[in-house]
Amino acid sequence: MYNYTRHYINGEWVESTGSETIDVINPATEEKIGEISSGTKEDLDKAVKAAKEAFPSFSQTTKEERVQLLDNIVSEYEKRKDDLIKIITEELGSPLSFSEEVQYEMGLNHFKATAKVLRDFEFTEDRGDSYIQKDAIGVAGLITPWNFPTNQICTKLASALASGSTVVFKPASKTPFASILLVEILEKAGVPKGVVNLVNGSGSIIGDGISSHPDIDFVSFTGSGKVGKNIMQNAAEDIKKVALELGGKSPIVVLEDADVETAARTAISNIAGNTGQVCSAGTRTFVPKNMHDKFVDAVKRLVDEYPIGDPQDKNTFMGPQVAKDQWETVQDYIQKGIDSGADLIVGGKGKPEGLDTGYYSRITMFTNVDHDSQIAQEEIFGPVMTVFTYETIEEAIELANDVIYGLAGYVVGEDPEKLAKVAKSIRAGRIVINNTDPDFTAPFGGFKQSGIGREWGDYGIEEFLEPKTILGLP
Ligand code: TAP
């Protein structure tokens, strides 16, 4: 059992001022694996005070000192590899291979990439007529979701530390333990006391408290649109800057010259990777009309190559949903798809055979979907694929853009002109052509209701800075 009923404030693990705790459940076994304290407003105040007091000194550290700090974090992070993989697999239900190759690696890559861009980052700019200085923003409040317990927080922490800002952060209460390990890593790496503070607890108390705290200068939030709106409203009270990384309903556009099996694998891995709990997942697949039947057959044939089951099994591709409520949401959407008249071709409601314990869903594909229906327009956050046909590239692009979101987009095919045309026309923050690997130094974030601001690399650092123009500097 992991019992972490303390918060990390001003460089020390301190008891919560409250006595309430929150249980953490392993979604594969449905058993409790530990608990955290449900922090109070008083705990939060202490953490904000520590961050505020640490700011004057930390914001004056040199860029070289902060590069060194990030380099130290990279080496300490690597030392905790096995622990991080183990805990993410237990608290999220992420399969061991995914925990290692994606969850662990993404967190590491953010520290590495941020250190890399920081080396060349200019905090001042002399334009002749003016002099621009970029100052650290102050105390940043970081709030993160459960789907990538290291990735989401590591990008924010790396950017904040690179900028010279100090931090109070609250991870999702479903997956808090990876963040406890991260704090241990930061401590070992030499992050000065008060610079990073962790307060565990519920979104309604600690998350809400961060977004409305008068001594927090900037809130960087990743999570649902609903909570994002709430954060903006709270932040409006004292004109606090916000950055929001929200949901998505990303398109995969398959070109007529695409290899059908590659297209099918792209679509399956997009919805089944991390059990569909990926904000940037491609969940709407657009195929040329004359390829539809071949594409559907390929998905039906290949889907069994993506085994669902015990996350501790090295061969598992897809584990359970993170929790019972998320499983129920997925089930509701599958029912909505059936009710809307779409054709259910693969998967469906209920648990896969033999997986009665654990919040397991089935990999599900709908075709003949009305693009205005809920399963086409709303984020499901589960392994549900919707398939559409198109006759012209223009029609595919128009449909691809016909959602309130704009986080990501995918294109599969060969023709360079068409690949570029689709990639450049989709209104989203990141387009991936033929499954190209991510660049951790390039910006990540959303158009439209997928968010405000950008993370990763130099764009991520910029979010934690305030540019100041000085005129007439002697
Ligand atoms: P949320 O319910 O929005 O939770 C995210 C975080 O906000 C958690 O730490 C949560 O705390 C906290 N929170 C809850 N209520 C709050 C409030 N009133 N004020 C401030 N904070 C509050 O999202 P989720 O269910 O964890 O994650 C799924 C959603 O996140 C999806 O919509 C997904 O698309 C989106 N997401 C987006 C991205 C990017 S990069 N765009 C990445 C991952 C996820 P508790 O855990 O204690 O409830």
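Here the structure is a predicted model, which means the values were calculated and not measured.

With respect to the overall build of the chain
Tallying secondary structure elements over the chain gives 15 helices and 23 strands in all. Counting only C-alpha atoms and orienting by the principal axes, one finds that the chain spans roughly 65 × 60 × 40 Å. Residue burial in the chain is summarised as follows: out of 474 residues, 53% are buried. Put simply, 73% of the contacts in the chain that link residues at least 6 apart link residues at least 24 apart.

Some remarks on the nonpolar core
One recurring pattern in soluble globular proteins is that nonpolar side chains are buried together. Core analysis: the biggest nonpolar cluster contains 78 residues, and Ala51, Leu70, Val167, Val168 and Val219 have the highest contact counts within it. The element best represented in this core is helix H1 (residues 41-58), accounting for eight residues. When near neighbours in sequence (up to four residues on either side) are disregarded, valine 168 contacts Ala47, Val48, Ala51, Val139, Gly141, Asn197, Val199, Ile210 and Ile216. Listed in part, the 58 residues of the second largest apolar core include Ala263, Ala267, Phe286 and Ala298.

What about the site of the ligand?
What surrounds the ligand is a group of 31 residues, the closest being Pro145, Gly203, Gly207, Gly223 and Cys279. When contributions to the shell around the ligand are tallied by element, the ones reaching two or more residues are helix H7 (203-212) and helix H8 (225-236). In terms of residue count, the dominant contributor to the shell around the ligand is H7 (five residues). Taken together, the residues that form the shell around the ligand break down as 10 nonpolar, 16 polar and five charged.

Considering the UniProt feature "domain: Aldehyde dehydrogenase" (unreviewed entry) in the chain
Mapped onto this structure's residue numbering, the UniProt feature "domain: Aldehyde dehydrogenase" (unreviewed entry) falls at residues 13-470. The span residues 13-470 is 41% helix and 21% strand, and its two end C-alpha atoms sit 42 Å from each other.

Some remarks on helix H4 (residues 96-120)
The end-to-end C-alpha distance of H4 is 36 Å, a good match for the 36 Å that 25 residues give at a rise of 1.5 Å each. Along its length, H4 reaches its greatest deviation from straightness, about 35 degrees, at glutamate 105.

Description of the sheet that holds strand S15 (residues 343-346)
A sheet is described by the order of its strands in space; here seven strands give the open sequence S15-S16-S17-S14-S13-S19-S20, paired in mixed fashion. Pairing within the sheet leaves two strands with one partner each, and these edge strands are S15 and strand S20 (430-433). Pairs of neighbouring strands in the sheet enclose a mean axial angle of 25 degrees, with direction left out of account. Looking at chain direction, strand S13 (residues 250-254) and strand S19 (residues 408-412) are connected through three bridges and run parallel.

A word on the sheet that holds strand S4 (residues 21-26)
Strand order in the open sheet formed by three strands is S1-S5-S4, and the pairing between neighbours is mixed. Pairing within the sheet leaves two strands with one partner each, and these edge strands are strand S1 (2-4) and S4. Strand-to-strand twist of the sheet, defined as the mean angle between neighbouring strand axes without regard to direction, takes the value 20 degrees. One ladder, built from three bridges, connects S1 with strand S5 (residues 31-37); its direction is parallel. Of the residues in S5, the one forming a bridge with tyrosine 4 is isoleucine 36.

Section: the environment of isoleucine 22
Mapped onto the elements of the fold, isoleucine 22 is located in strand S4. Classification of isoleucine 22 by C-beta neighbours within 10 Å gives partly exposed; the count is 17. Through-space distance from the C-alpha of isoleucine 22 to that of glutamate 35 is 5.4 Å; in sequence the pair is 13 residues apart.

Comments concerning the UniProt feature "active site" (unreviewed entry) in the chain
As annotated by UniProt and renumbered to match this structure, "active site" (unreviewed entry) occupies Glu245. Of note, glutamate 245 is situated in strand S12 (residues 241-245). The exposure class of glutamate 245 is buried, given the 28 C-beta atoms found within 10 Å. Once residues lying within four places of it in the same chain are set aside, the contact partners of glutamate 245 are Thr222, Gly445, Gly446, Gly451 and Glu455.

Thoughts on the packing of helix H2 (residues 63-79) against helix H5 (residues 151-163)
Relative orientation of the contacting elements H2 and H5 amounts to 155 degrees, with a least axis distance of 8 Å. Viewed along their axes, H2 and H5 adopt a mutual orientation that is roughly antiparallel. Here Arg66, Leu69 and Leu70 of H2 lie close against H5, whose contacting residues are Ala158, Leu161 and Ala162. For the contact of H2 with H5, a count of residues per class yields five nonpolar, no polar and one charged.

What to know about unusual backbone geometry
The phi dihedral of asparagine 435 falls on the positive side, at around 60 degrees, and the residue is not glycine. Here asparagine 435 shows up in the loop between S20 and strand S21 (447-448).

Topic: helix H3 (residues 81-92)
Between its terminal C-alpha atoms H3 stretches 16 Å, which fits the 16 Å expected from 12 residues at 1.5 Å a residue. For H3, the set of buried residues is Leu84, Ile85, Ile87, Ile88, Thr89, Glu90, Glu91 and Leu92. Among the structural elements, S4, S5, H4 and helix H6 (177-189) are those in contact with the buried residues of H3. Two residues or fewer after H3 comes glycine 93, characterised by a positive phi angle close to 85 degrees.

Remarks on the pairing of S12
Burial analysis of S12 places four of its five residues in the buried class, which makes it a mostly covered element. Of the pairings in the sheet, the one linking strand S11 (residues 218-222) to S12 comprises five bridges and is parallel in character. When the sheet's bridge partners are listed, threonine 222 is paired in S12 with glutamate 245. In this fold, the crossover linking S11 to S12 by way of H8 has right-handed handedness.

A look at the packing of helix H9 (residues 260-272) against helix H10 (residues 292-302)
It is at 9 Å that the axes of H9 and H10 come closest, and there the two elements cross at 60 degrees. As far as their axial angle goes, H10 and H9 are oblique. Once H9 is placed against H10, the crossing between them reads as right-handed. Of the residues in H10, those in contact with Val260, Glu261, Ala263, Ala264, Arg265, Ala267 and Ile268 of H9 are Lys294, Phe295, Ala298, Val299 and Leu302.

A look at the environment of valine 296
Secondary-structure assignment places valine 296 in helix H10. Separated by 69 residues in sequence, valine 296 and methionine 365 have C-alpha atoms that sit 8.8 Å apart. Those residues in contact with valine 296, other than ones at most four positions away along the chain, are Ile345, Thr367 and Val387.

Scoring rules and cut-offs
- Residues numbered from 1 in each chain as written.
- Predicted model: local features only at pLDDT ≥ 70, side-chain atom pairs only at ≥ 80, totals over all residues.
- Helix = DSSP H or I, 4+ residues; strand = E, 2+ residues; numbered from the N terminus.
- Buried ≥ 20, exposed ≤ 12 C-beta atoms within 10 Å, placed from the backbone.
- Contact = placed C-beta atoms within 7 Å.
- Core = buried A, V, L, I, M, F, W, Y, C linked by C-beta atoms within 7 Å.
- Near = placed C-beta within 6 Å.
- Nonpolar A, V, L, I, M, F, W, Y, C, P; charged D, E, K, R; others polar.
- UniProt positions renumbered as here; feature names shortened; annotations may be inferred.
- Expected span 1.5 Å × (residues − 1).
- Bend = angle between axes of the 7 residues up to and from the residue.
- Pairing = 2+ DSSP bridges.
- Axes fitted to C-alpha atoms, helices over the stretch in contact; angles between N-to-C directions.
- Parallel < 35°, antiparallel > 145°, perpendicular 65-115°, else oblique.
- Right-handed = clockwise from strand over helix to strand, strands pointing away.
- Left-handed = near helix turned anticlockwise from the far one by under 90°.

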